[in-house]
Number of protein chains: 2
Amino acid sequence: MLKASPRALVPFVSVDNMMRLVHHIGIETFIADLARNITEDFAKWDQFDKTPRVGSHSDVGVIELMPTSDGVFYGFKYVNGHPKNMGEGLQTVTAFGVLSDVYSGYPRLMSEMTLLTALRTAAMTAVATKHLAAPGATTMAMIGNGAQSEFQCLAVKAVCGISHVRLYDLDPAASAKCARNLDGLGLHVTQCTSPEQAVEGAQVITTATADKDMQTILTDNMVGAGVHINAIGGDCPGKTELHRDIVARANIFVEYPPQTRIEGEIQQMPADHPVTELWQVITGQTQGRKSAAEVTLFDGVGFAIEDFSALRYVHESIKDTPYYVDLDLIADPDDPRDLFGMLKRAG
Amino acid sequence: MLKASPRALVPFVSVDNMMRLVHHIGIETFIADLARNITEDFAKWDQFDKTPRVGSHSDVGVIELMPTSDGVFYGFKYVNGHPKNMGEGLQTVTAFGVLSDVYSGYPRLMSEMTLLTALRTAAMTAVATKHLAAPGATTMAMIGNGAQSEFQCLAVKAVCGISHVRLYDLDPAASAKCARNLDGLGLHVTQCTSPEQAVEGAQVITTATADKDMQTILTDNMVGAGVHINAIGGDCPGKTELHRDIVARANIFVEYPPQTRIEGEIQQMPADHPVTELWQVITGQTQGRKSAAEVTLFDGVGFAIEDFSALRYVHESIKDTPYYVDLDLIADPDDPRDLFGMLKRAG
């Protein structure tokens, strides 16, 4: 093998190495660090090149590319969404991503992002909860106990100081799995048999249900004064989690309105229904929660900047660790004009 | 290391392995096979999801994502363009790409595409030349002898039976490099000291110059009756290679008009200047060359379907070869809902 020049090499973080990196850093620290990076990037919102995601749709799913750039780094995520995959033993959502230098156009990191997306989605919820929930919140109801649920619970513990989580899922086996996975991680966990039971005494309600059309797992009478809701499971057109009446009376916060109006809970509302962009709360330009009695809603759908923040974090974190391998991804002939000569000499 | 399931693995073709694969198959056979795949895909043009490329521009360059799908496979290419890189010892253009199953959304191939793009660009020129040049063409003038030139010469030899190439570049050292690289590969090569000398007796003229604004390296009086021109170097707004008078009198063929009108030679012409889509010539829906005396012009800018054809070819070709490695790119927990459990058990 011809020795590849260092300029030809791009660090790659596999699923296996991502798991090692997370344990090396610690899951809660990792999520808290992601929350910090997301907060930093949301605070410089105007510097980002915000392109809507580019989707390729078929009858059974979608493949999307989500690019963004802050002028220094460029990142994109490849992500698919195929609800029918679960029944075939495959992941509904898989993802990977790349971080590049804007100045040279050269990739600087390639990473798995199935795990990383779960971690950054939880970190994003924690950022929203920290800025919007009533002070002193101790208890979260976690509605929907699938692949996202444990990450969500640990994130609000690490970032917001939540100590109690109350689990509910249509499938009790999912709640049991979630409770088992959270065992020993420092949270007081209660498995509930109805959503009504789950929301009892909770100052924060997070819904992460999936695969159902226009769900109304949470109805208006279940949401008391002062509660903060994170609705993160509705993330495509035709998929929502909350009854319209809750959305109508809540003070709504979103990532990027042009995307959320298509994919989020607010697709149930008129196109001019008032929402606040979360970055404006983070920078202090706009007030978040206006009163102790107000219901606040973070209508989270996931935005490219969060992936960018996560890739930036992994790029920083793998330095001087064994948790990556170098890929010979970039052709680097000695004379840049002599690509053919490089190929010919390899023969 | 936890053993990754086969479903988690994605074959990766590095630069080194791409060079080995090309030599294993043979450069000319590889290019001829790519030309066949491109012809097949252009023949089913209507089946493709054709999205304009998504670019992120900075003062010094651009990073683009070029996705497309035929409903069975989905492919995209990441490609940068940074003219100033050459002066810093880096490639102006680097690329990699991914081919996925539309049905599952799972990636099936990740590949370097810096070399592969040079090969597919040459194959595309050969397809156009085969369909548009006057029958019996034996001689091509190759204007611009940079990184693309040798690939271009070998492609028209392999696909169109060109036996003589006449080289010209503003920098004689580039022509010398090209001639040296083509030595022993079965072409009769003449180095020329002016573009006028290069086009003498040539039935085909290919221009692949770079980095100059609105070049007119080819002027109208240099182009005789019956000549076919491939202008492949102009590939971004503000960059052209041909004098407007040549464009005005040629019968023009393009890949995808919405892209070519922005990036190609025809950006010099009114937005409704008549052009023919090459796929219509390939399918026989439209006539190509109309007379022996006509000047035909392939205004090539490179389109996502060509990258798709190339990725499809590499995906087929690496089977049962040692020219790839498997990347652990996709998280694949035993229970798809138990992503956290997979992470926890890895601790």
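Everything numeric here is computed off the predicted structure, so don't read it as measured data.

1. Side note on the overall build of chain A
So, point 1. Check the secondary structure of chain A and you find eleven helices and 16 strands.
So, point 2. The principal-axis extent of the C-alpha atoms belonging to chain A is close to 75 × 45 × 40 Å.
So, point 3. Total accessible area on chain A is roughly 12,100 Å²; 52% of this is exposed by carbon and sulfur atoms.
So, point 4. In chain A, the 28 positive side-chain charges and the 42 negative ones have mean positions that sit 4 Å from each other.

2. Quick look at the relation of the copies chain A and chain B
So, point 1. Superposition record for chain A on chain B: RMSD 0.0 Å, screw rotation 180 degrees, translation along axis 0.0 Å. The symmetry that links the two subunits is that of a two-fold axis.
So, point 2. Here 99% of the contact residues of chain A are again contact residues in chain B; the copies associate through an equivalent surface.

3. Concerning the domain arrangement of chain A
All names here are of chain A.
So, point 1. Taken domain by domain, chain A holds domain 1 (6-115 + 305-345) and domain 2 (123-303).
So, point 2. The C-alpha centroid of domain 2 is placed 27 Å from the C-alpha centroid of domain 1.
So, point 3. On the side of domain 2, 22 residues touch domain 1, which itself brings 20 residues to the contact.
So, point 4. Here domain 1 meets domain 2 over a buried area of about 2,000 Å², counting both sides, of which 69% is carbon and sulfur.
So, point 5. For the pair domain 1 and domain 2, the interface holds one salt bridge.
So, point 6. Applying the counting rule to domain 1 against domain 2 returns three residue pairs in polar contact (both at pLDDT 80 or more).
So, point 7. Contributing elements (two or more residues each) for the side of domain 1 that touches domain 2: α2 (27-43) and α10 (304-317).

4. Points about the interface of chain A and chain B
So, point 1. Contacts between chain A and chain B engage 82 residues on the former and 81 residues on the latter.
So, point 2. Across the interface of chain A and chain B, roughly 7,300 Å² is buried in total on both sides, 68% from carbon and sulfur atoms.
So, point 3. Together, Arg337, Phe340 and Leu343 of chain A form the three largest contributors to the area buried by chain A at its contact with chain B, with a combined 11%.
So, point 4. Connecting chain A to chain B are two salt bridges.
So, point 5. The salt bridge involving Arg337 of chain A is made with Asp171 of chain B; its shortest N-O contact spans 3.0 Å.
So, point 6. For the side of chain A that touches chain B, the class distribution of residues is 44 nonpolar, 20 polar and 18 charged.

5. Remarks on the nonpolar core
So, point 1. Formed by 75 residues in total, the largest nonpolar core has its most connected members in Met18, Phe30, Leu115, Phe151 and Val314 of chain A.
So, point 2. Of the residues forming this core, the biggest block, eleven residues, is contributed by helix α3 (residues 114-132) of chain A.
So, point 3. Contact partners of Val314 of chain A, with chain neighbours within four places excluded, come to Val13, Met18, Leu21, Phe30, Leu109, Ser111 and Leu116 of chain A.
So, point 4. Within the second largest apolar cluster, 74 residues are counted, among which are Val13, Ala123, Phe151 and Ala179 of chain B.

6. Points about the side chain of Thr209 of chain A
All names here are of chain A.
So, point 1. Here Thr209 shows up in the loop between β11 (204-207) and β12 (228-231).
So, point 2. Of the polar contacts made by the side chain of Thr209, one reaches the side chain of Glu241; its length is 2.6 Å.
So, point 3. If we skip the residues at most four places from it in the chain, Thr209 touches Ile143, Gly144, Ile217, Gly233, Lys239 and Glu241.

7. A word on the packing of α2 of chain A against helix α4 (residues 149-160) of chain A
Working note: a packed helix pair is described by the angle between its axes plus the distance between those axes.
Residue and element names in this part refer to chain A.
So, point 1. One way to put it is that α2 packs onto α4 with a least axis distance of 9 Å and a crossing angle of 75 degrees. Judged by the inter-axis angle, α2 sits roughly perpendicular to α4. From α2, Ile27, Glu28, Ile31, Ala32 and Ala35 reach across to α4, where they touch Phe151, Leu154, Ala155, Lys157, Ala158 and Val159.
So, point 2. Its residues assigned to classes, the contact of α2 with α4 comprises nine nonpolar, no polar and two charged.

8. Some points on the packing of helix α1 (residues 15-25) of chain B against helix α2 (residues 27-43) of chain B
Residues and elements named next belong to chain B.
So, point 1. Two elements in contact, α1 and α2, have axes whose closest approach is 6 Å; the angle formed by their N-to-C orientations is 95 degrees. Classified by the angle between their axes, α1 and α2 sit roughly perpendicular to one another. Residues Met18, Leu21, Val22, His23 and Ile25 of α1 form the contact with α2, whose own contacting residues are Ile27, Thr29, Phe30 and Asp33.
So, point 2. A breakdown of the residues in the contact of α1 with α2 according to their chemical character gives six nonpolar, two polar and one charged.

9. Considering α2 of chain A
So, point 1. Between its terminal C-alpha atoms α2 of chain A stretches 24 Å, which fits the 24 Å expected from 17 residues at 1.5 Å a residue.
So, point 2. Buried within α2 of chain A are the following residues: Ile27, Phe30, Ile31, Asp33, Leu34, Ala35, Asn37, Ile38, Asp41 and Phe42 of chain A.

10. Here we look at the packing of aromatic side chains
So, point 1. Tallied over the entire structure, the rule returns 23 aromatic pairs over all chains.
So, point 2. When the ring of Phe340 of chain A is compared with that of Phe151 of chain B, the centres are 5.1 Å apart and the planes differ by 80 degrees; the resulting orientation is edge-to-face. Here Phe340 of chain A, found in helix α11 (residues 339-345), pairs with Phe151 of chain B, found in helix α4 (residues 149-160), and the two come from separate chains.
So, point 3. Take Phe340 of chain A: its relative accessible area is 0%, and that puts it in the buried class.
So, point 4. By way of ring pairs, the aromatic residues Tyr74, Phe76, Tyr78 and Phe96 of chain A together with Tyr74, Phe76, Tyr78 and Phe96 of chain B are connected into one cluster.

Cut-offs used in this document
- Residues numbered from 1 in each chain as written.
- Chains lettered and ligands numbered in written order.
- Predicted model: local features only at pLDDT ≥ 70, side-chain atom pairs only at ≥ 80, totals over all residues.
- Heavy atoms only, no water.
- Helix = DSSP H or I, 4+ residues; strand = E, 2+ residues; numbered from the N terminus.
- Areas by Shrake-Rupley, 256 points an atom, 1.4 Å probe, with all protein chains shown as cover.
- Lys, Arg positive; Asp, Glu negative; His and termini not counted.
- Charge placed at Lys NZ, Arg CZ, Asp CG, Glu CD.
- Least-squares fit on C-alpha atoms with pLDDT ≥ 70 in both.
- Contact = heavy atoms within 4.5 Å.
- Domains from an automatic or database assignment.
- Buried area = accessible area lost by both parts, 1.4 Å probe.
- Salt bridge = Lys/Arg side-chain N within 4 Å of Asp/Glu carboxyl O.
- Polar contact = N/O pair within 3.5 Å; in protein donor to acceptor, adjacent residues only side chain to side chain.
- Nonpolar A, V, L, I, M, F, W, Y, C, P; charged D, E, K, R; others polar.
- Core = buried A, V, L, I, M, F, W, Y, C linked by side-chain atoms within 4.5 Å.
- Buried < 20%, exposed > 50% of the residue type's maximum accessible area, 1.4 Å probe, protein only.
- Axes fitted to C-alpha atoms, helices over the stretch in contact; angles between N-to-C directions.
- Parallel < 35°, antiparallel > 145°, perpendicular 65-115°, else oblique.
- Expected span 1.5 Å × (residues − 1).
- Phe/Tyr/Trp six-rings, centres within 6.5 Å; stacked < 30°, edge-to-face > 60°.

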